[in-house]
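Residue strings, one per chain:
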Amino acid sequence: MVKKKQLRPIAEMARRIRAYRELKSRPRDSQKYALDYETMKRPYTGKMLPVLAWQDVRRESRLFSLLAGMRLFGVGRLFTRKSWLEDHTEPSYWQITKVKVDYTSENMDHGKTWGILTYKGKQESEVKEMDKVMYHDWRLIPKHMEQQFRDFEPLPEPPVRYVPFPPLLRAMMLAQYKKTTGNVLSEEPALPLKREVQLNKDYFYRQEQERKRKEGTAV
């Protein structure tokens, strides 16, 4: 017979209160990313910005510094970054679809934004939260240039080139195939000269989830 779980309403209420207090005590983005422009330090953490970023901090704007003075906080407009303009010939930009402003911050220059990312001319299909909104390198794309950014057609990808495997590795692959299937591999194995894996945080997260799924949960 399964033992009935005993309810502890007072303990559950105390847990919820602790979680609520922890949530309320977390610093807001306006506190976390506040910057003293004279010393180039963040007062909350005491960390100094890299020297190479000082010039952009003095000349460029953060995303919400641009959104605060726009109609509907810039929903529907296109924004790009200085680093994208300098590093890529293909257009890279965000189209903003949703803005959540932190009204407790001074000048309403902090919050969260969501949009559709077009990176190197390739547009993503889903809306996601924009990152690095506190960086000082955001730029508004003028309306008369928006169509020029949208009409860009990326060049077709070059065909994948293949090279033969090294002799020892080729022999090992042929032997393993014959051992597992009992047949001889009819086609010559070839190694594609294309890297299809992007080593970003999503890749490592998927690798970790796949490892946990294979290993199972520890008992």
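The name given to the protein in an unreviewed UniProt entry is 28S ribosomal protein S34, mitochondrial, with Lates calcarifer as the source organism.

### Observations concerning the pairing of strand 2 (residues 93-101)
Two strands pair when backbone bridges link them, and strand 1 (residues 78-81) and strand 2 are joined in this way by two bridges, in the antiparallel orientation. For Leu 78, the partnering residue across the bridge sits in strand 2 and is Gln 95. With eight bridges joining them, strand 2 and strand 3 (residues 111-119) adopt antiparallel strand pairing. Bridged to Val 101 within strand 3 is Gly 111.

### So, a nonpolar patch on the surface
Residues Leu 168, Leu 169, Met 172 and Met 173 make up a contiguous nonpolar surface patch of about 390 Å² in total accessible area. The residue Leu 168 is located in helix 7 (residues 167-181) in this model. With relative accessibility at 64%, the residue Leu 168 sits in the exposed group.

### Description of the environment of Gly 46
Looking at where Gly 46 falls in the secondary structure, it is placed in the loop between helix 2 (29-32) and helix 3 (54-59). Assessed through its relative accessible area of 43%, Gly 46 is described here as partly exposed. Between the C-alpha atom of Gly 46 and that of His 110, which follows or precedes it by 64 residues, the distance is 20 Å.

### Quick look at the pattern of salt bridges
In this structure the tally under the stated criterion is 13 salt bridges. Across the pair Lys 132 and Asp 131 runs a salt bridge whose closest N-O atoms are separated by 3.6 Å. Assessed through its relative accessible area of 33%, Lys 132 is described here as partly exposed. The network of salt bridges with common partners includes Glu 12, Arg 15 and Arg 16.

### So, a positive patch on the surface
Side chains of Arg 26, Lys 32, Lys 98, Lys 100 and Lys 112 sit close together on the surface and give a patch of like positive charge. Mapped onto the secondary structure, Lys 32 falls in helix 2.

### Points about unusual backbone geometry
Even without being glycine, Phe 73 reaches a positive phi, approximately 55°. Looking at where Phe 73 falls in the secondary structure, it is placed in the loop between helix 4 (63-67) and strand 1. For Lys 120, which is not glycine, the phi torsion reads 55° and is therefore positive. With respect to the helices and strands, the residue Lys 120 is situated in the loop between strand 3 and strand 4 (122-123).

Rules of the game
Sequence order sets the numbering: in each chain, residues are counted from 1 along the sequence as written. The predicted nature of this model means local features are confined to residues of pLDDT at least 70 and side-chain atom pairs, given and counted, to a pLDDT of 80 or more, with totals for whole chains, interfaces and linings taken over all residues. Excluding hydrogens and water, the side-chain figures rest on all heavy atoms present in the structure. Note: two strands are recorded as paired if DSSP finds a minimum of 2 bridges between them. Secondary structure elements follow DSSP: runs of H or I of four or more residues count as helices, runs of E of two or more count as strands, with numbering from the N terminus. Patches in this entry comprise residues that are over 30% relatively accessible and not in a salt bridge; like charges within 9 Å are linked, as are nonpolar side chains (Val, Leu, Ile, Met, Phe, Trp, Tyr) within 5 Å. Per-residue accessibility takes into account occlusion by the displayed protein chains alone, with areas from the Shrake-Rupley method and a 1.4 Å probe. In the sections that follow, a salt bridge refers to a side-chain nitrogen of Lys or Arg positioned within 4 Å of a carboxyl oxygen of Asp or Glu. Note on classification: 1.4 Å probe, protein chains only; a residue is buried when its accessible area is under 20% of the maximum for its type, exposed when over 50%, partly exposed between these limits. Charge counting treats Lys and Arg as positive and Asp and Glu as negative, with His and both chain ends excluded. One atom stands in for each charge, and that atom is NZ of Lys, CZ of Arg, CG of Asp or CD of Glu.

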